[in-house]
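Examination of the molecular architecture
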Amino acid sequence: MLTFLHISDTHISADPEYGPHWLRKPLAQPNLGVESLLEAINRLPFAVDFILHTGDVCAEPEAENYHLARELLDRLEQPLYLLPGNHDSAQMTREMLADGERRQVLGDDHKIINGCHLITVDISGADNPLTPTLPDGQIDHFAAQLNEAQEGPILVAAHHPFLPTGVPWIDDEARIQNGERLHELLVARRERVAGVFFGHIHQVATSYSDGITYNCCPSTWFNFTGYPGMESADADLDTPGGFNLVMIRENRSFVRRYSLPPA
Ligand SMILES: [Fe+2]
């Protein structure tokens, strides 16, 4: 019915030395992970309907990064749907990465693909892109899009997680602060919600709440760790970057992780 790849947090940078110094850990330059990703995708022995990128396409909102991102992403043959993340400029993502057909930048959108509804949440206009609180009007728009999706599976994509996890740095510093309101709208249609797909927290994480499954895919660059009581983010250098394969078949969803070789 629907087969796609979920990728996230590529943090493409034209700076060969790029890295977050606050982590004080030796991280590979993020473009190396993107090169591995492109090779891994081009080797896959099956076709996908599209690739979903849940944001942080570039490391910083600078034109040279988007020029490089365009060059790299041009090597993908599949349709690509991009959601801007908190590190992106939504305007540059739209102007420099969308090509009007194969590569689209999504906002608060509703796309119907093979009978499935892909509904996206855009944080680029939020008060604080790191820990956004969505305005009432945006939540009403999300509800209206769900109402339009009368038949078939519903998939939701966003950059940030919606619900508290029990990991303080994620809950307080990396989540849509009123994501519970989106969750309540999904619970009302839970028989048809095939999954919520997000990135931002750079780790493979699955949670299940009130019948809704939430899937975070790894970054292609580096992952963060998350555990009970963890107050601030820290890199998990033991876990490789990667991406997820998602299959939607009738009322079932199957998510499989692919790991990338260490950079
Ligand atoms: Fe990120």
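Residues numbered from 1 in each chain as written. Predicted model: local features only at pLDDT ≥ 70, side-chain atom pairs only at ≥ 80, totals over all residues.

Next up on the list: the overall build of the protein. Looking only at helices and strands, the protein has 6 helices and 14 strands in total. When the backbone C-alpha atoms are referred to their principal axes, the protein occupies close to 50 × 40 × 30 Å. Of all 263 residues assigned to the protein, the portion counted as buried reaches 41%. Considering only intrachain contacts with a sequence separation of at least 6, the fraction spanning at least 24 residues in the protein is 68%. (Helix = DSSP H or I, 4+ residues; strand = E, 2+ residues; numbered from the N terminus. Buried ≥ 20, exposed ≤ 12 C-beta atoms within 10 Å, placed from the backbone. Contact = placed C-beta atoms within 7 Å.)

So, on to the sheet that holds strand 6 (residues 116-120). Taken together, the 6 strands give an open sheet; going across it, the order is 5-6-7-8-10-9, and neighbouring strands pair in mixed fashion. Whereas interior strands pair on both sides, the edge strands pair on one side only; in this sheet they are strand 5 (110-113) and strand 9 (205-209). Going across the sheet, the axis of each strand differs from the next one's by a mean of 20 degrees, ignoring polarity. In the sheet, strand 5 pairs with strand 6 via 4 bridges, with the strands oriented antiparallel. Counted as the bridge partner of Ile 113 is Cys 116 from strand 6. Sitting on the sheet, helix 6 (residues 179-187) is in contact with strand 7 (154-157), strand 8 (193-198), strand 9 and strand 10 (212-216), with an inclination near 130 degrees to strand 10. (Pairing = 2+ DSSP bridges. Axes fitted to C-alpha atoms, helices over the stretch in contact; angles between N-to-C directions.)

Right, let's get into unusual backbone geometry. In this structure, Asp 9 takes a positive phi of about 50 degrees despite not being glycine. Within the secondary structure, Asp 9 sits in the loop between strand 1 (2-7) and helix 1 (30-43). The phi torsion at Arg 24 lies on the positive side, around 50 degrees, for a residue other than glycine. You can see Arg 24 is positioned in the loop between strand 1 and helix 1. On the neighbour-count criterion, Arg 24 (8 C-beta atoms within 10 Å) is exposed.

With that settled, consider the sheet that holds strand 14 (residues 252-259). Hydrogen bonding along the main chain pairs the strands of a sheet, whether they run parallel or antiparallel. Spatial strand order, 4-3-2-1-13-14: 6 strands in an open sheet with mixed pairing. The sheet terminates laterally at strand 4 (103-105) and strand 14, the two strands that pair on one side only. Looking at each pair of strands side by side, their axes are set apart by 20 degrees on average, direction ignored. Bridging between strand 2 (residues 50-53) and strand 3 (residues 80-82) involves 3 bridges; their strand directions are parallel. Opposite Ile 51, over in strand 3, you have Leu 80 as the bridge partner.

Once that is clear, we can look at helix 4 (residues 136-148). Here helix 4 contains 13 residues, and its C-alpha end-to-end distance of 19 Å stays within 8% of the 18 Å for a straight helix at 1.5 Å per residue. Every buried residue of helix 4 is listed here: Gln 138, Phe 142 and Leu 146. In an axial view of helix 4, the angular spread of the buried residues amounts to 85 degrees, which keeps them on one side of the axis. Opposite the packed face of helix 4, turned more than 90 degrees from it, sit the exposed residues Asp 136, Gly 137, Asp 140, Ala 144, Asn 147 and Glu 148. Looking at the buried side of helix 4, the elements it contacts are strand 6, strand 7 and helix 6. (Expected span 1.5 Å × (residues − 1). Arc of directions from axis to C-beta.)

Further remarks concern the nonpolar core. Among the nonpolar cores identified, the biggest contains 59 residues, and Leu 82, Val 156 and Ala 157 are the most heavily contacted of them. It is strand 8 that provides the largest number of residues to this core, a total of 5 residues. Not counting residues within four places of it along the chain, the set of residues in contact with Val 156 comprises Ile 119, Leu 186 and Val 196. (Core = buried A, V, L, I, M, F, W, Y, C linked by C-beta atoms within 7 Å.)

For the rest of this paragraph, the subject is the environment of Ser 89. Mapped onto the elements of the fold, Ser 89 is located in the loop between strand 3 and helix 3 (90-97). Classification of Ser 89 by C-beta neighbours within 10 Å gives partly exposed; the count is 19. Residues Ser 89 and Glu 60 lie 29 residues apart in sequence; the distance between their C-alpha atoms is 7.9 Å.

This paragraph deals with the packing of helix 2 (residues 63-73) against helix 3. It is at 10 Å that the axes of helix 2 and helix 3 come closest, and there the two elements cross at 45 degrees. Relative to helix 3, helix 2 is oriented oblique. For the element pair helix 2 and helix 3, the recorded crossing hand is right-handed. Where helix 2 abuts helix 3, its residues Ala 63, Tyr 66, His 67, Ala 69, Arg 70 and Leu 73 lie against Met 92, Met 96 and Leu 97. (Parallel < 35°, antiparallel > 145°, perpendicular 65-115°, else oblique. Left-handed = near helix turned anticlockwise from the far one by under 90°.)

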